Structures are given as structure tokens and as C-alpha cells.
Amino acid sequence: MKRALLFVLALAACQDEVAQNTDPLALTPETIGHFCQMNLLEHEGPKGQVHLEGLPGAPLFFSQVSDTVAYLRLPEQTHKVLAIYVSDMGAEGATWQEPGAANWIDATTAHYVVGGDLPGGMGAPEIAPFAELADAQAFAAEHGGNVMGLKDIPDSAVIAPIPEVGGDDDYSRRLKALSDKTGG
């Protein structure tokens, strides 16, 4: 009986030790974007990171918030999401050119400006996240766009339209079908 109890206690202790850390990680010169495979510190605009169950260590980093949201909506995404963080563009010292390396906020509670006039890290339209509603409203007043929550961001804001592709091959037809399906 004592052996069984000790085994159960030891097993519980091991499970506690392997609990996955989901705290946001600061950007470093080695931080590479999941989609673009480029160094994130070299790109302007807000960034994102997603912590997935079963993938301990580094989260997936994204060079744009729109890429982060797009990833979360991919049907191929198979791991449980444990935490999502985005850059707080209202944090002290944060600018579009230098959004900050450690000013992460919970993406589920952030206020987003969608449809503003500033491009993201990869040059595409970008979504600007803020911890404070007043900061998001001020940004929208200056740069355009609408303030909304994460779940209200339309797919059209995160899945860019696919330009018309020439040719009549199967790949071109699939791209066109995807564009039609997503409203692009």
C-alpha cells in the first residue's frame, strides 16, 4: 500500500514538473516567424505568439497579428491553444517601427483596430492590438479602422484576397476557389 501511494505521489510530482510554460516570451535576434521564417525584430508593426499544448519550449511566433489570427482559424491547426499573445501597441515606447520585444498582452482580451492605414511586418494590411480601449480608439481616429474584439475580426481582414492567377491549371483553379470561398 505504501509503495502504491509513493508511486502515485512521485508520478504527480513528475507531472507538475513538466507543466508547460505559457508565459509570453520576449523577441530576440533569433526569433523567427512561423509563416515567413524571417527574423521578427527586422519587421515593423505588431507581432503575435501562440503557445500550443504538447509543443513545450518556444511558442509559434508571427510577424503580423493578422497572421496570428489566420493561423488560429486554419482548419489544419491540430494542437490545443494554451495561450495567445499580441504586441500592445499602446505600451510605453511602442511605435509602429519599433513595436517592442516584451510588451505582450493576452490576445483574447485585447482591443483591435481593423482596417487602419498602416501595413504590418510583411507589408500587408495589419490589425493593431491594444490593452486599453482608449488607446485603440485614439489609434482608429488617427489611422482609420474599427475597434473590435478578437472573435469579431472578419476573416477578410486576416486572409488576404488571392490575386487572379493566369493559366488554366488545377492550382490556379484551387486558388480562385479559395479566394471565392473566403470572400477575397
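Residues numbered from 1 in each chain as written. Predicted model: local features only at pLDDT ≥ 70, side-chain atom pairs only at ≥ 80, totals over all residues. Heavy atoms only, no water.

1. A few points about the overall build of the protein
Thinking step 1. Helix and strand content of the protein: 4 helices and 7 strands.
Thinking step 2. Overall, the protein shows an N-to-C arrangement of helices and strands of α-β-β-α-β-β-β-β-α-β-α.
Thinking step 3. Counting across all 184 residues of the protein, residues that qualify as buried make up 36%.
Thinking step 4. Taking all contacts inside the protein whose residues are at least 6 apart in sequence as the whole, residues at least 24 apart take part in 61%. (Helix = DSSP H or I, 4+ residues; strand = E, 2+ residues; numbered from the N terminus. Buried < 20%, exposed > 50% of the residue type's maximum accessible area, 1.4 Å probe, protein only. Contact = heavy atoms within 4.5 Å.)

2. Observations concerning the nonpolar core
Side chains that are nonpolar tend, in soluble globular proteins, to be buried together.
Thinking step 1. Within the largest apolar cluster, 20 residues are counted, with the highest numbers of intra-cluster contacts made by Val86, Tyr112, Ile127 and Ile153.
Thinking step 2. The set of elements that each furnish at least two residues to this core consists of β1 (48-52), β2 (60-62), α2 (65-73), β3 (81-87) and β5 (111-114).
Thinking step 3. If sequence neighbours within four positions are ignored, Tyr112 has contacts with Val65, Val86, Ala107, Ile127, Ala128, Pro129, Asn146, Val147, Met148, Gly149, Leu150 and Ile153.
Thinking step 4. In terms of nonpolar packing, the next biggest core, distinct from the first, is built from 8 residues, Val113, Ala128, Ala136 and Phe139 among them. (Core = buried A, V, L, I, M, F, W, Y, C linked by side-chain atoms within 4.5 Å.)

3. What to know about the pattern of salt bridges
Thinking step 1. Overall, the coordinates contain 1 salt bridge when judged by the stated rule.
Thinking step 2. Residue Arg73 is joined to Asp155 by a salt bridge in which the shortest nitrogen-to-oxygen separation is 2.7 Å. Pair noted here: Arg73 is in helix α2 and Asp155 is in the loop between β7 (146-148) and α4 (170-181), with a separation of 82 residues, a long-range link.
Thinking step 3. Given the relative accessible area of 30%, Arg73 is considered partly exposed. (Salt bridge = Lys/Arg side-chain N within 4 Å of Asp/Glu carboxyl O.)

4. As for the environment of Leu60
Thinking step 1. Tracing the backbone shows Leu60 in strand β2.
Thinking step 2. Excluding its chain neighbours within four sequence positions, the residues that come into contact with Leu60 are His34, Gly48, Gln49, Val50, Leu52 and Tyr71.

5. Quick word on empty space enclosed by the protein
Thinking step 1. Counted by the stated rule, this structure contains 1 cavity of 30 Å³ or more.
Thinking step 2. Considered as a void within the structure, the largest cavity measures approximately 30 Å³ in volume. (1 Å grid on protein atoms, 1.4 Å probe; cavity = no way out; pocket = protein on both sides within 12 Å on 5 of 7 lines; lining within 4 Å. Points joined across faces, edges and corners; volume = space filled by probe spheres on them.)

6. Considerations on the sheet that holds β1
Thinking step 1. The antiparallel open sheet is built from 4 strands, whose spatial order is β2-β1-β3-β4. Two strands close off the open sheet at either side, each with one partner strand: β2 and β4 (104-106). The average angle at which neighbouring strand axes cross in this sheet is 25 degrees, direction not considered.
Thinking step 2. Pairing geometry for β1 and β3, over 5 bridges, is antiparallel. Residue pairing across strands places His51 opposite Ala83, the latter belonging to β3.
Thinking step 3. Lying on the sheet, α2 is in contact with β1, β2 and β3; it crosses β1 at an angle near 30 degrees. (Pairing = 2+ DSSP bridges. Axes fitted to C-alpha atoms, helices over the stretch in contact; angles between N-to-C directions.)

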